[in-house]
Amino acid sequence: MDLLHFARGIGLKVALSIFFLGVTWRIVSFALLRIRREYSKPRESVSKYLIGGLIAVGSRSWPHREFIARTGAGEALGYSYHLGLFAVVLLFTPHILFLGSLLGVSWPGLPSSAITIVSVITLTLFLAVLFRRVTNRVMRLLSNFDDYFSWFITMLVMVTGLAATAHIGGPYETLLAVHILSVDILLIWFPFGKLMHAFYIFPSRAINGALLSRKGATS
Amino acid sequence: MSRLSEIAVRVEGPTRVGGLGGGVQAVLSELVGMLEALASHGQCATIDLRSLPMSPHDRIELQSALGDGEVQANLTADGVSTLRETALCGVWWVEHRDHEGKLIAELIEVSTIPAILAASLIDVAASARTLRERLSVGRNGSERTDHATRN
Amino acid sequence: MPPATDDLAVGEMLRRHGVSRRGFIKYCTSVASAMALPPWMGPAMAQQLHGALRPSVIYLSFQECTGCFESFTRSFAPTMENLIFNVISLDYDDTLMAAAGDAAESALAKAMHDNFGKYVLIIDGSVPTGAGGGYCTAGGKSAVDTLREAAKGSAAIICVGTCSSFGGIPFADPNPTDAWPVSAIVSGKPIINVSGCPPIPEVITGTMLQFVTTGKVPDLDEHLRPKAFFGTTIHDRCYRRPFYDQGKFAKTFDDEGARNGWCLYELGCKGPTTYNACATTKWNGGTSFPIESGHGCIGCSEPGFWDKGSLYAPLSAPDWGKAGESSPRQVMEIAAAGIGAGAVLGVVSAGSGRLRQYRSEHPLDTEPEDI
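Residues numbered from 1 in each chain as written. Chains lettered and ligands numbered in written order. Predicted model: local features only at pLDDT ≥ 70, side-chain atom pairs only at ≥ 80, totals over all residues. Heavy atoms only, no water.

Caption draft 1: Region of interest: helix α15 (residues 327–361) of chain C. With 35 residues, α15(C) extends 49 Å between its outermost C-alpha atoms, agreeing within 8% with the 51 Å of an ideal straight helix rising 1.5 Å per residue. Within α15(C) the residues assigned to the buried category are C:Ser327, C:Gln330, C:Val331, C:Ile334, C:Ala335, C:Gly338, C:Gly342, C:Gly346, C:Ala350, C:Gly353 and C:Tyr358. (Helix = DSSP H or I, 4+ residues; strand = E, 2+ residues; numbered from the N terminus. Expected span 1.5 Å × (residues − 1). Buried < 20%, exposed > 50% of the residue type's maximum accessible area, 1.4 Å probe, protein only.)

Caption draft 2: View of the interface of chain C and chain A. On the side of chain A, 35 residues touch chain C, which itself brings 41 residues to the contact. Summed over both partners, the interface of chain C with chain A buries about 3600 Å², with 61% contributed by carbon and sulfur atoms. Area buried by chain C at its contact with chain A is led by C:Asp319, C:Trp320 and C:Ile334, which between them contribute 14% of it. Linking chain C to chain A there are 2 salt bridges. Ionic pairing is found between C:Lys308 and A:Asp2, a salt bridge with its closest N-O pair at 3.6 Å. In this structure, the connection of chain C to chain A is made through 11 residue pairs in polar contact (both at pLDDT 80 or more). (Contact = heavy atoms within 4.5 Å. Buried area = accessible area lost by both parts, 1.4 Å probe. Salt bridge = Lys/Arg side-chain N within 4 Å of Asp/Glu carboxyl O. Polar contact = N/O pair within 3.5 Å; in protein donor to acceptor, adjacent residues only side chain to side chain.)

Caption draft 3: View of the state of the cysteines. Residues and elements named next belong to chain C. Counting across every chain of the model gives 0 disulfides over all chains. Unpaired in this structure, Cys68 has its nearest cysteine sulfur neighbour in Cys65, at a distance of 6.2 Å. Under the relative-accessibility criterion, Cys68 is labelled buried at 13%. Cysteine Cys263 is unpaired, with the sulfur of Cys269 as its nearest cysteine sulfur at 6.4 Å. Exposure remark for Cys263: the relative accessible area of 10% places this residue in the buried category. (Disulfide = S-S within 2.5 Å.)

Caption draft 4: Expanded view of the confidence of the model for chain C. Residue and element names in this part refer to chain C. With 91% of its residues at a pLDDT of 70 or more, chain C has an overall mean of 86. The element-level mean pLDDT for chain C is lowest in helix α5 (residues 80–87), coming to 59, with helix α8 (residues 162–166) highest at 97. Across the whole predicted complex the pTM is 0.74, and at the interface the ipTM reaches 0.82. (pLDDT = per-residue confidence, 0-100.)

Below you can see the structure in the form of C-alpha cells.
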C-alpha cells in the first residue's frame, strides 16, 4: 500500500475516529461537571442572565477600549490568521471536494490563485505569531509543549499544502500524501491540546457571561 | 485587489535592444563551437531542438537569428522532410514530418551536407545492379555477354 | 511469417516493403528524439540495424484481454510501427502466427533453443498462480511454468501493459486467480515495464526498438518504466493545466465548464499522480488523449489503479476502498462510533471529576451526600 493510499484511506479513518471520540469525551466530561452552587441572590431574572451570557460571547470577541493599545496587535494577528485559515480550508476547491465527499454537500469556492495569496499571507502571520511568542518574555514563560506543537502541526499542514499545490519538493503524490498525513496528525492531536478552544470558546464565554450577569456585573 | 489571472501578460518582442532570449543565446554559442570543429577537423554535430526547453517565441527568434541560405532540399520518404541551409554556411535546419505532415523530429545539423541526403554506397551498388538488369532485359532477349560483370 | 525471410537483413526486409534507407534513418531519428536520446543515436541505430539480421523476439500472452497487443499492432495507417515486424523476427506470437497446436509449440521450442540467451521476451497479461497455475494454460502447460522456462534463455523481458507490469485487472481485489506481475515471478533478468491499459503504440515500439538496437536497458524509474516515456505526469504536460491553476473546473460531464475545456479534477482525473506520455505523444498518431476527449485520466499506467477508489472521485477525496460506497455514510458510522465511545468515556471522566469536586468541597465528610 503506498503512502497516499494509506493517508487518504485507513489513516484518515483512524484520525477521524480518534477526533470524534476525543472531542466528545472532553466536551461531555466538562459539560457534566457540576457548576458550584451560588448561594448569593441572583441580581437578574434567569432569562436576563442567560441573555447576558449570549451577549458576553459577542462582547468578549472585541477588546475593551482601554486595552486596545496593549493587546490590539496580538488580537489583529490572531483574527487575521484565523480568517485566512478558514478561507483556505473552506474556499479552496480541492478542500471543498474533500469536505463535500465527507459531508455530502458542496459550495462554491475561490479561484486557486486567490487562495494561494491568502495562504502565503496566513503563513507569514503564523511565523509572526511564533516570533512574538518566543521574543516576548511573558509569553515565553507561559508557553508549553501544547502551544508549540499545536502551532507546529497547523504550520505543517499549511506548508505541505502549499508545496503540493505548487508542486515543489518532490513528486506530487508524495507531497499530497504528506499533506493529508499531517491533516491526520492534526485531527488526532486536536482533542488533546489547545486546539479544543474551537469547541470551548463560545460555551466558556457564555457560561462566564451568564454567571457574571447573575451577579449583576456587565461583561 | 485584482487577481493574478487578471494581470495581462506581455511578451517582450524582438525589439529588445541588441539582446536575444537566453535559450537562443545558448544555442548560438553551441553552434559557434560546432562550426569551428567542422571547419578545423570536419567534425559533424547535431542539436535536437525537441530536447531544448524553447518557447514558440524563442523558436521564431532562433529562426530569424539563423536566417535563410541558398539551399533547400525536400526528402520524400514516408512523409516529406525539409532540410534548409541557414544563412550560416554549414548550419542546416532539418524538419522531419511523417506521411500525415506531423512533425516527428526537428534538428539543427552542423555539417557540409546533412548525412541523410548523401546516397549510401550500398544503395548505389544495388542501383547499379538494378539498372544493369533493366538494360539487359531491354535488349530484346539478345544474349548477355557481360557475365563477368554481373554478381 | 514466411521462413524464407529469416536470413534477410533488416535493410533488405525494409526495402521489400518500400521503405528506403533514408526513410528508416528518418524513423530512427524520430524515435531517438522521442526517447530523449542524443541526436547521433538515430542514424547510429539505423546503421546498426540495417545490416543486421533481425533479432529474435518471442511474444507470450498470458492472463490478458489482448488490448495491449491490439495497441501494439493497431498502429495508425501504414506507418513505420507496422514495419517493426521486419526489424525484429517475431518467432512466436499466438495471436498472429498461422501455425497452431503442436506446430506452434514446436516453433516456440525451436525459437527458444536456436536463440538461447539472445532473444527478447515480450509478455502481456498477468500470471495466475492459483490452483497450481491452472487458471491459464496453453498446450497443457501453465502460464507460470511457461514464463519461468522462457525467461531462462531471454536477454531481457519487456512487459507490455499494466497486467504484466503490475498485475492489472486480474491482480485487483479480490484477485481470485492469485495473479502476479512478471517481476514477482522472474528474477535475475533485466525487466522493462511498459505499463498502461493499454500502453501507447509508439511507447511500446519505441522501447522495443531502443533495446533491440542498443542492447541496453534504457533509464528506468522505480517501477522499471522507461523514464523517456514515464518520466513526467499527465498533469505536468496537460494542455488544460492553466484552468487547473486558475481554479476553473468542470462540475459534471458536458456542462458549461466541460464544453469550455476546463480542468477535469472534480470529475476524478488522476493526471497529477499518473506517469505516462499521453499528454505529449497522445493516441492514434497524435489525434487525442482521454482528457482532450473530455474524460479524466484513470491512472491506468500506475500500479494498483483498479483498487484506488472510484475513477470519478477527485484525488482530494478520501480513498476508503470500494468504489460506489457512500463516503458520507461511512463518516456517519465513524462519527457515531466515535461519539458513542467518547460519550461513555466522558461520563466516566465526569463522574470522577464530580467525585473530586465533592471531595474538595467536603473534605471532612466520610459519606458523600450526593454525587
